[in-house]
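Each chain, letter by letter, is given below.
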Amino acid sequence: MLTTRLDALLWDVDGVLAETERDGHRVAFNQAFEACGLPWRWDDARYGELLRISGGRERLLADMATQPDAPALSQDREALARALHARKNTFHAQRIAAGAIPLRDGVLELMQECLARGVRMGIASTTSRANVDALLRHHLGAAWQGLFAAIVCGEDVQLKKPDPEVYVKALRQLGDGPLQVVAIEDSPGGVAAARAAAVPVLVTRSAYFGDAAIAGAIAIGPGLHDRRGWRPALARDGRSPVRIGLDDIEAWVDRWEAVPRFA
Ligand code: XBP
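Quick caveat, the model's predicted, so the values are computed rather than measured. (Residues numbered from 1 in each chain as written. Predicted model: local features only at pLDDT ≥ 70, side-chain atom pairs only at ≥ 80, totals over all residues. Heavy atoms only, no water.)

Asks: Would you mind showing me how to read helix α9 (residues 246–258) here?
Replies: Think of an α-helix as 3.6 residues a turn; residues three or four steps apart then line up on the same face. In this model, α9 (13 residues) spans 18 Å end to end at C-alpha, consistent with the 18 Å of a helix rising 1.5 Å per residue. Those residues of α9 that sit buried are L246, D247, D248, I249, E250, W252, V253, D254 and W256. As for α9, its buried residues are in contact with β1 (8–11), α5 (107–117), β4 (181–185), α8 (188–196), β5 (201–204) and β6 (219–221). (Helix = DSSP H or I, 4+ residues; strand = E, 2+ residues; numbered from the N terminus. Expected span 1.5 Å × (residues − 1). Buried < 20%, exposed > 50% of the residue type's maximum accessible area, 1.4 Å probe, protein only. Contact = heavy atoms within 4.5 Å.)

Following this line, the structure appears as structure tokens:
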């Protein structure tokens, strides 16, 4: 019998709601380089490496440190990174508005289940607010913010993931009192951030973190649309025969809390 009842679900955005890194940000960064007359291009492998750095502007600065033709002075690099980042976000939003970035399968269904069951939802992302807005406005409508009890984005934090600040702030927005909250993440940094804020975390593997070593999740699997390939394996009697539902997540929390841990 299930003992856990979820009060809230906190969604990471990039990689969890949609494959925004592969289909959005990387492509848009390259469009920004081209638009600014720069010869730099990030292929999949390079972007995968750069994703270890949270934050698009921070990622640009890290890459510039390896580019012989980047500006020599740090203030010039900062200015160029700011300009490129703004253009990247514009291109990214255009791609979303053109329908180039679908939600991942199973996301909408789990959101609908949360709404139907009164499980509150939050956004815990260190991507820019404009990117979150562009994605959710396109898929959920202009009133999307009304569906979420907590929304914390990159501009709201001093330190990006893996720092826990984004989760600490999201929990604060959810309100006082002991709440049973679960986060959904796709990256080692995201999992570290949630765990450091004492939020149990479920991992849906994404394109760039498909093989990444990720420890400390209550469960890890291919995506919300698929009941196969999860660790721990799913019970056969889950209410939904095809996708991951709230009862599955609650069962994983039950199981996680029943296992003694020393780390
Ligand atoms: C994702 C990020 C972001 C995005 C790009 O963070 O690290 O930098 O890659 O967005 P999270 P910005 O996992 O917290 O969603 O260019 O706005 O930084």
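Asks: How should I be thinking about the site of the ligand in this particular structure?
Replies: Near the ligand you find 18 residues, and of these E21, H85, K88, T126 and S128 are the closest. Between the ligand and E21 there is a distance of 2.5 Å, counted from an oxygen atom to a side-chain nitrogen or oxygen. When isolated, the ligand has an accessible area of 450 Å², and the protein chains bury 96% of it. The greatest single-element share of the shell around the ligand, amounting to three residues, is contributed by helix α4 (residues 74–97). (Near = heavy atom within 4 Å. Polar contact = N/O pair within 3.5 Å; in protein donor to acceptor, adjacent residues only side chain to side chain. Areas by Shrake-Rupley, 256 points an atom, 1.4 Å probe, with all protein chains shown as cover.)

Asks: I tried to follow unusual backbone geometry on my own but got confused; where do I start?
Replies: Put simply, K161 and P162 share a cis peptide bond, and its omega is 15 degrees. Residue placement: P162 occurs in the loop between β3 (150–152) and α7 (165–174). In this structure, the amide linkage connecting R231 to the following residue, P232, adopts the cis form with an omega of -10 degrees. With respect to the helices and strands, P232 occurs in the loop between β6 and α9.

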